[in-house]
Amino acid sequence: MTSASEVLAALVDRGWTLGIAESLTGGALAAEFVSVPGASAVLRGAIVAYATPVKHTLLGVDDGLLDAHGPVHPGVALQMAAGVCRALEVSGTPADVGVSTTGIAGPESPDGQPVGTVHIAVVTPDSSVSESFRFDGDRAQVRAQAVDAAVAMLARILRE
């Protein structure tokens, strides 16, 4: 399994900064990175945009997309990842890399999509990628798997 420390080291090597936008993981992804000593060298911060309107107001996710598809959608994940880079701008410079998580951890589904549906997106200066997952387990297990998948996805993209 890829570790947050490996991702942070890859970001340091590239001279890139990281911003995190979370919904269903509720800060767990940020906590994974913050647990690594020296994370502050690249981690700009994180935004937990749990409520759907906050995805629009704070991260700039298109209202039309949210109205048409709801907050659990690959396009929403992509816009969250891009939006967190802008939101965590420092001295006129956005974060270089954004990662986002959105999905349904359960136990109920508010919109009919299966519990365990998760979309993760990564935006870098070189690429924008959104991937969809279906995780099994209870709420805590779905959230933990989403964190692991986001770390692994970041690592894979940074190796490309």
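Structural data are supplied above this passage.
Worth saying up front: this structure is predicted, and the values here are computed from it rather than measured.

Draft legend 1. A look at the pattern of salt bridges. A complete count under the given rule lists two salt bridges for this structure. Among the salt bridges present, the one from R14 reaches D126, with a minimum N-O distance of 3.7 Å. Highlighted residues: R14 in helix α1 (residues 4–14) and D126 in the loop between β4 (117–123) and β5 (128–134), separated in sequence by 112 residues. You can call D126 exposed: its relative accessible area is 60%. Two residues, E131 and R156, come together in a salt bridge whose shortest N-O distance is 2.2 Å. Of the two residues, E131 is situated in strand β5 and R156 in helix α6 (residues 139–159); the sequence distance between them amounts to 25 residues.

Draft legend 2. α6, seen in detail. With 21 residues, α6 extends 31 Å between its outermost C-alpha atoms, agreeing within 8% with the 30 Å of an ideal straight helix rising 1.5 Å per residue. Taken as a whole, α6 has its buried residues at V142, A146, V147, A149, A150, V151, M153, L154, A155, I157 and L158. Tucked into the core, α6 has its buried residues touching α1, β1 (18–22), α2 (28–34), β3 (97–103), β4 and β5. One side-chain oxygen of the residue at the start of α6 lies 3.2 Å from the amide nitrogen of A140, identifying that residue as D138.

Draft legend 3. Seen up close, the packing of aromatic side chains. For the structure shown, the criterion picks out one aromatic pair. Ring plane angle 15° and centroid distance 5.3 Å describe the contact between F133 and F135, whose orientation is recorded as stacked.

Draft legend 4. Highlighting the packing of α1 against α6. Across the interface, α1 lies against α6 with an axial gap of 9 Å and an inter-helix angle of 35°. In terms of crossing hand, the pair formed by α1 and α6 is left-handed. Across the interface between the two elements, A4, V7, A10, L11 and R14 of α1 pack against V151, L154, A155, I157 and L158 of α6. The class makeup of the residues in the contact of α1 with α6 is nine nonpolar, no polar and one charged.

Draft legend 5. Layout of the side chain of T25. Structurally, T25 is set in the loop between β1 and α2. Judged by its relative accessible area of 0%, T25 is buried. Within the structure, T25 has its side chain in polar contact with the side chain of E22 (distance 2.5 Å). With near-sequence residues (within four places) excluded, T25 lies in contact with T101, R143, A146 and V147.

Rules of the game
- Residues numbered from 1 in each chain as written.
- Predicted model: local features only at pLDDT ≥ 70, side-chain atom pairs only at ≥ 80, totals over all residues.
- Heavy atoms only, no water.
- Salt bridge = Lys/Arg side-chain N within 4 Å of Asp/Glu carboxyl O.
- Helix = DSSP H or I, 4+ residues; strand = E, 2+ residues; numbered from the N terminus.
- Buried < 20%, exposed > 50% of the residue type's maximum accessible area, 1.4 Å probe, protein only.
- Expected span 1.5 Å × (residues − 1).
- Contact = heavy atoms within 4.5 Å.
- Polar contact = N/O pair within 3.5 Å; in protein donor to acceptor, adjacent residues only side chain to side chain.
- Phe/Tyr/Trp six-rings, centres within 6.5 Å; stacked < 30°, edge-to-face > 60°.
- Axes fitted to C-alpha atoms, helices over the stretch in contact; angles between N-to-C directions.
- Left-handed = near helix turned anticlockwise from the far one by under 90°.
- Nonpolar A, V, L, I, M, F, W, Y, C, P; charged D, E, K, R; others polar.

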